[in-house]
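# Observations on chain architecture
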Amino acid sequence: MLSPAAAVVSAVRAAGGSPTALRRAHARLLKDGLALHPPAPSLLVSAYAKCRLLPDARRVFDESPSRDLHLYSSLLAAVSNSDAPYLVLPIIRRMLSADALQPDHFVLASIASASARLRSLSLGKQLHGHFVASPYSGDDVVKSSLIDMYCKCGFPDDARKVFDSLSAKNSVVWTALVSGYASNGYTDEALELFRSMPGRGLFAWTALVSGYVRAGESVSAVELFVEMRRDAVTIDDAFVLSAVTGGAADLAALVLGRQLHGLSMRLGFLSSMMVGNALVDMYSKCSDIHSAREVFEEITVRDIISWTTMIVGEAQHGRAGEAFALYDRMILAGVKPNEVTFVGLIYACSHAGLVQKGRQLFDSVKREYDINPGLQLYTCYLDLLSRSGHLSEAEELITTMPYEPDEAAWGALLSACKKHNDAEMCVRVADNLLELGPKYPSTCVLLSNVYAVNGKWGSVSTVRKLMANMKINKEPGYSWVEVGRESRLFHAGEVPVDMREEILVFLEELVSEMRRRGYVPDTSSVMHDLEEHEKEHHLFLHSERLAVAFGILKSLPGSVIRVVKNLRVCGDCHTVMKLISEIFQRKIIVRDATRFHHFEGGKCSCGEFW
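Everything numeric here is computed off the predicted structure, so don't read it as measured data.

### As for the overall build of the protein
Looking only at helices and strands, one finds 32 helices and six strands in the protein. On the principal axes, the C-alpha backbone points of the protein span a range of 100 × 55 × 50 Å. A total of 610 residues make up the protein; the buried ones form 51% of that total. Considering only contacts within the protein whose residues lie at least 6 apart along the sequence, 62% involve residues at least 24 apart. When the accessible surface of the protein is totalled, it reaches about 28,600 Å², and 53% of it is carbon and sulfur.

### Comments concerning the nonpolar core
Nonpolar side chains in soluble globular proteins generally cluster together in the buried interior. Ranked by size, the top nonpolar core spans 152 residues in total, and within it Phe 225, Phe 342 and Leu 414 carry the most contacts. Sequence-distant contacts of Leu 414, defined by excluding residues within four places in its chain, comprise Cys 426, Val 429, Ala 430, Leu 433, Leu 446, Leu 447 and Val 450.

### With respect to the side chain of Ser 264
Looking at the secondary structure, you find Ser 264 in helix H16 (residues 254–266). Sequence-distant contacts of Ser 264, that is, excluding residues within four places in its chain, are made with Leu 241, Phe 269, Leu 270 and Val 275.

### Concerning the confidence of the model for the protein
Across the protein, pLDDT averages 87, with 94% of residues at or above 70. Of the regions scoring below 50 in pLDDT, residues 530–534 engages in two contacts with residues more than four places distant in sequence or in other chains.

### Notes on a negative patch on the surface
Taken together, the side chains of Asp 157, Asp 188, Glu 189 and Glu 192 define an acidic patch exposed on the protein surface. In this fold, Glu 189 is placed in helix H12 (residues 187–195). A residue is classified by how much of its surface remains accessible, and Glu 189, at 34% relative accessible area, is partly exposed.

### Thoughts on the UniProt feature "repeat: PPR" (unreviewed entry) in the protein
Here the UniProt feature "repeat: PPR" (unreviewed entry) sits at residues 139–169, 170–204 and 303–337. The annotated region residues 139–169 carries 71% helix and 0% strand content, and the separation between its end C-alpha atoms amounts to 12 Å. Between the first and last C-alpha atoms of residues 170–204 the distance is 11 Å; the span itself is 71% helix and 0% strand.

### Considerations on the pattern of salt bridges
Scanning the model with the defined rule gives 30 salt bridges in all. Where Asp 148 meets Lys 152, a salt bridge forms, and the shortest distance between an N and an O atom there is 3.1 Å. Taken as a pair, Asp 148 and Lys 152 lie in helix H9 (residues 140–152) at a separation of four residues, close to a single helical turn. With a relative accessible area of 37%, Lys 152 lands in the partly exposed category. Arg 387 is the salt-bridge partner of Asp 383, the closest N and O atoms lying 3.0 Å from each other.

### A look at helix H4 (residues 54–63)
Regarding H4, the residues found buried are Leu 54, Asp 56, Ala 57, Val 60 and Phe 61. Taken around the axis of H4, the buried residues stretch over an arc of 165 degrees, which confines them to a single face. Buried-residue contacts for H4 involve helix H2 (19–31), helix H3 (40–50), helix H5 (69–80) and helix H6 (88–97).

### What about the packing of helix H23 (residues 375–387) against helix H24 (residues 391–400)?
It is the contact of H23 with H24, at a shortest axis distance of 8 Å, that shows an interaxial angle of 160 degrees. Compared by their axis directions, H23 and H24 come out roughly antiparallel. Relative to H24, the crossing made by H23 is left-handed. Contact residues: Tyr 378, Tyr 381, Leu 382, Leu 385 and Ser 386 in H23; Leu 391, Glu 393, Ala 394, Leu 397 and Ile 398 in H24.

### Topic: helix H10 (residues 156–164)
An α-helical turn contains 3.6 residues, so a residue and the one three or four places further along point in the same direction. Every buried residue of H10 is accounted for by Pro 156, Ala 159, Val 162 and Phe 163. One side of H10 carries all its buried residues, which in axial view fall inside an arc of 110 degrees. The secondary structure elements touched by the buried residues of H10 are helix H8 (121–133), H9 and helix H11 (171–183).

### Looking at the environment of Asp 281
Along the chain, Asp 281 falls in helix H17 (residues 273–285). On a C-alpha basis, the gap between Asp 281 and Ser 442 in space is 27 Å, while along the polypeptide they are 161 residues apart. What Asp 281 contacts, discounting residues up to four positions off in sequence, is Ala 249 and Thr 309.

### Here's the deal with the sheet that holds strand S4 (residues 588–591)
What the six strands build is an open sheet, ordered S2-S1-S3-S4-S5-S6; its pairing is mixed. Edge positions in the sheet fall to strand S2 (486–491) and strand S6 (603–604), since each has one partner strand and no second. Across four bridges, strand S3 (residues 561–565) lies against S4 in parallel orientation. Across the sheet, residue Val 564 finds its bridge partner in S4, namely Arg 591.

### Digging into the side chain of Thr 187
Looking at where Thr 187 falls in the secondary structure, it is placed in helix H12. Residues in contact with Thr 187, not counting those within four places in the same chain, are Tyr 181, Ala 182, Tyr 212, Ala 215 and Glu 217.

### Let's talk about the pairing of S4
By the alternation rule, side chains of S4 split into Ile 588 and Val 590 and Ile 589 and Arg 591, which are all buried. Considered for its hand, the β-α-β crossover made up of S3, helix H32 (residues 571–583) and S4 is right-handed. Relative to strand S5 (residues 596–600), S4 runs antiparallel, the two being bridged by four bridges. Each bridged residue has a counterpart across the sheet, and for Arg 591 the counterpart in S5 is Phe 596.

### Topic: the pairing of strand S1 (residues 478–483)
The side chains of a regular strand alternate, residue by residue, between the two faces of the sheet. Only one face of S1 is buried: it carries Ser 479, Val 481 and Val 483, and the other face, with Tyr 478, Trp 480 and Glu 482, is open. Bridge analysis of S1 against S2 gives six bridges, and the strand direction is antiparallel. Across the sheet, the residue bridging to Trp 480 is Leu 489, located in S2. In textbook terms, the turn of a hairpin is the stretch between consecutive antiparallel strands, and for S1 and S2 this stretch comprises two residues, one of which, Gly 484, has a positive phi near 60 degrees. As judged from the four bridges shared by S1 and S3, these two strands associate in the antiparallel manner. Residue Val 481 lies in a different strand from S3, and its bridge partner there is Val 563.

Rules and cut-offs
Residues numbered from 1 in each chain as written. Predicted model: local features only at pLDDT ≥ 70, side-chain atom pairs only at ≥ 80, totals over all residues. Heavy atoms only, no water. Helix = DSSP H or I, 4+ residues; strand = E, 2+ residues; numbered from the N terminus. Buried < 20%, exposed > 50% of the residue type's maximum accessible area, 1.4 Å probe, protein only. Contact = heavy atoms within 4.5 Å. Areas by Shrake-Rupley, 256 points an atom, 1.4 Å probe, with all protein chains shown as cover. Core = buried A, V, L, I, M, F, W, Y, C linked by side-chain atoms within 4.5 Å. pLDDT = per-residue confidence, 0-100. Patch = residues over 30% accessible without salt bridge, like charges linked within 9 Å, V, L, I, M, F, W, Y side chains within 5 Å. Salt bridge = Lys/Arg side-chain N within 4 Å of Asp/Glu carboxyl O. Lys, Arg positive; Asp, Glu negative; His and termini not counted. Charge placed at Lys NZ, Arg CZ, Asp CG, Glu CD. UniProt positions renumbered as here; feature names shortened; annotations may be inferred. Arc of directions from axis to C-beta. Axes fitted to C-alpha atoms, helices over the stretch in contact; angles between N-to-C directions. Parallel < 35°, antiparallel > 145°, perpendicular 65-115°, else oblique. Left-handed = near helix turned anticlockwise from the far one by under 90°. Pairing = 2+ DSSP bridges. Right-handed = clockwise from strand over helix to strand, strands pointing away.

Laid out in structure tokens, this is it:
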């Protein structure tokens, strides 16, 4: 005959993590009068939490006649790992006041975990102070949680101080600190710590590689991954493949991305949704949207990231119809869209001139899905309205939206006013943008040109002084092109010595042929204080033209030329790319700072909505 405690344990364990079985076991315990018998409340709270049934866990907690530290610890652990870690705060207040209990080391570790999830440095520091003064100040589990908290809050040096005080350092805390340094941009410190780490396993390598990718150092991340492979580290987890594939996406390195695709296949990770999502993103960013779609269709279980990544990819490649069809499929599959999904959809509308469709989507965000649109979504909607010529509606939106418009929002409206030749609004919007104190070189150049076109030379002078005082210079344009296994980086105005004559002759002959076809250089994007022939020469050596010239000279006839540019393609280069695609019968795909342009047969996929 089992004792009451043993019967409780047996009943909850028999549920085996099944929500239905757990509720059935709970009902049986209630019927037998054992639901309030220790350790039933704590076991039920933990079991419900593992089944992600937090309301049920909270109900058991509230109905318990006596709440001890063990019960609080179970609930706090559940809440700190839930989607609502902020609920830890009222529970702590209740523990301290209503039940007059002081936290033990288990409770402290849960609060530290919640602080990390919330990225709340103030809560974490309060906890740390309480921990140091408590009887548990030597507890390594709490210290490990504090290390994670400081890293996630962006203070790895504070985490290092806690790390150095540990009596025993296991691989988990080493890995957490390596990840904390790397993901917060302290890559040198991360690498130094990693090199001194005993017994580096896959998770430590993964932390370093993924941290480098998050810090924007994708080249180093790839090099570290290659080193890991040389060290014969067994890859039995998909995350490192997902991370390094993200690095290839950031670099727009299609050849590398395909190699990683093949490696994932050989290692048996193509069934991993995480790897599949990363490959979809990589192919999209590497301008191969068709391969991205093939990978997407092969993902057997898709989450919101899978759908949204593909929708955004289709939108950025100017395939609005495909993006909307995917959205319809996603809704039919029962997947609820998030804000990023709508950013992608309205972006698709913006670059296809579908104003009414965009209005309907924006209205559905709050009405149908109870999502409060963020500044990014408002800016995207603003871009749709202004780009399509609905300038008054766009101006009303920017002045009434529940966010202070930032530089990107005002810049989008100003660019549209300039495009649609609304001089009065141009100056009004420019004044608002100037008052904001722009920080991006491209914004300052746009402001300067707008003021110059409208004869506001005093404002031109103000912008120039602003650029000088802030040491703002126009970011130099550069473009990256891959031809077979060879890749080249071209900077605007700099022709590589080894191909200087070939490229310059090619471009001169190209300009002659384009002029015969009616080409007239559009110098409106060049600073207004240059002579006209200087402006034309400036355009002549834009980085994407150098990259395309190299691509045509070095690649096989008929092959696709893929170029990545760090800035937005200017209007003149857009015209030139269309002409090159027609003259040489080549498909050219250019990924610029905002979208993809597929040039073929003298036309662009953007349909001039860019």
